[in-house]
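# Summary of the model geometry
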Amino acid sequence: MFKRLVLGAALTAAATLTLASAGPAWAARASAGTPAPGTVANKLFHAWLAADRTAAAKAATPAAVKTIFTYAYRAPDRFDGCSGNVCRFVHTSVRVPGGLDGIAMVVTGSKVSKVYLSRHITAPSTVAKHLFAAWKRGDEYGALEVATSTTVRKLFKVTYDPRGATHFFQGCSKESQGYSCAYSYEGGAMLMHVRGSRTTGYEVRSISYLAD
């Protein structure tokens, strides 16, 4: 049975953490006097591994510190580099919900300003609402917290239009392999197909559309 591993297990991972120390993203140069995003992100990551909130506060905003200390799984074991100012730490041996596959940090200047996490969510409706809210605000990393990469790519092919059709959440119903959570709108509906369990956490694994 899948077992949630909390921060205590992360401390043991520190000794075996393998970090990619090279690559275009890691080598990206910041402006004079400002550390590279990867340097900042790793400071927060290692402060978290050490359960050192004081050190974490030096590397991140209060909101980012609060978020990373809620991570429900054991520590990711690979630094996956940075894309612009977003740096990621991913799992190579643990399956977690969503396409984020670990932790992403947004670096602003010399601090991590926002942290995204793979989420352990135990209600299908909560997962669906989280994904919809991320799509509504155009936040792909937020969507990846609870949905597969393929699902996010498909959903974000269309930009949410606040002046367009209003979406109404219709709840979730059982289907053969999980749940279908529906958002209806004039002319059709969007179905989010949620998979997982209360133990492993739920994720949106695919979406489909219905037309009237």
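These figures come from a predicted structure and were not determined experimentally.

Reading the values: the criteria
- Residues numbered from 1 in each chain as written.
- Predicted model: local features only at pLDDT ≥ 70, side-chain atom pairs only at ≥ 80, totals over all residues.
- Heavy atoms only, no water.
- Core = buried A, V, L, I, M, F, W, Y, C linked by side-chain atoms within 4.5 Å.
- Buried < 20%, exposed > 50% of the residue type's maximum accessible area, 1.4 Å probe, protein only.
- Helix = DSSP H or I, 4+ residues; strand = E, 2+ residues; numbered from the N terminus.
- Contact = heavy atoms within 4.5 Å.
- Pairing = 2+ DSSP bridges.

## A few points about the nonpolar core
- In terms of nonpolar packing, the biggest core is built from 30 residues, with Leu44, Trp48, Ile68, Ile103, Met105, Val112 and Val115 touching the most fellow members.
- Where this core is concerned, the elements lending two or more residues are helix H3 (37-49), helix H4 (53-59), helix H5 (62-68), strand S2 (78-83), strand S3 (86-90), strand S4 (102-108) and strand S5 (111-117).
- Per element, the largest residue contribution to this core is seven residues, and it comes from H3.
- Setting aside anything within four residues of it in sequence, one finds isoleucine 103 in contact with Trp48, Ile68, Tyr71, Pro76, Cys87, Arg88, Phe89, Val115, Tyr116 and Leu117.
- Listed in part, the 28 residues of the second largest apolar core include Val86, Ala128, Ala143 and Leu155.

## Side note on the pairing of S5
- In the sheet, S4 pairs with S5 via six bridges, with the strands oriented antiparallel. When the bridges of S5 are listed, alanine 104 appears paired with tyrosine 116.
- Between S4 and the antiparallel strand that follows it, S5, lie two residues; glycine 109 among them carries a positive phi value of about 65 degrees.

## Structural notes on the pairing of S2
- One ladder, built from four bridges, connects S2 with S3; its direction is antiparallel. Following the sheet pairing, cysteine 82 is matched in S3 by cysteine 87.

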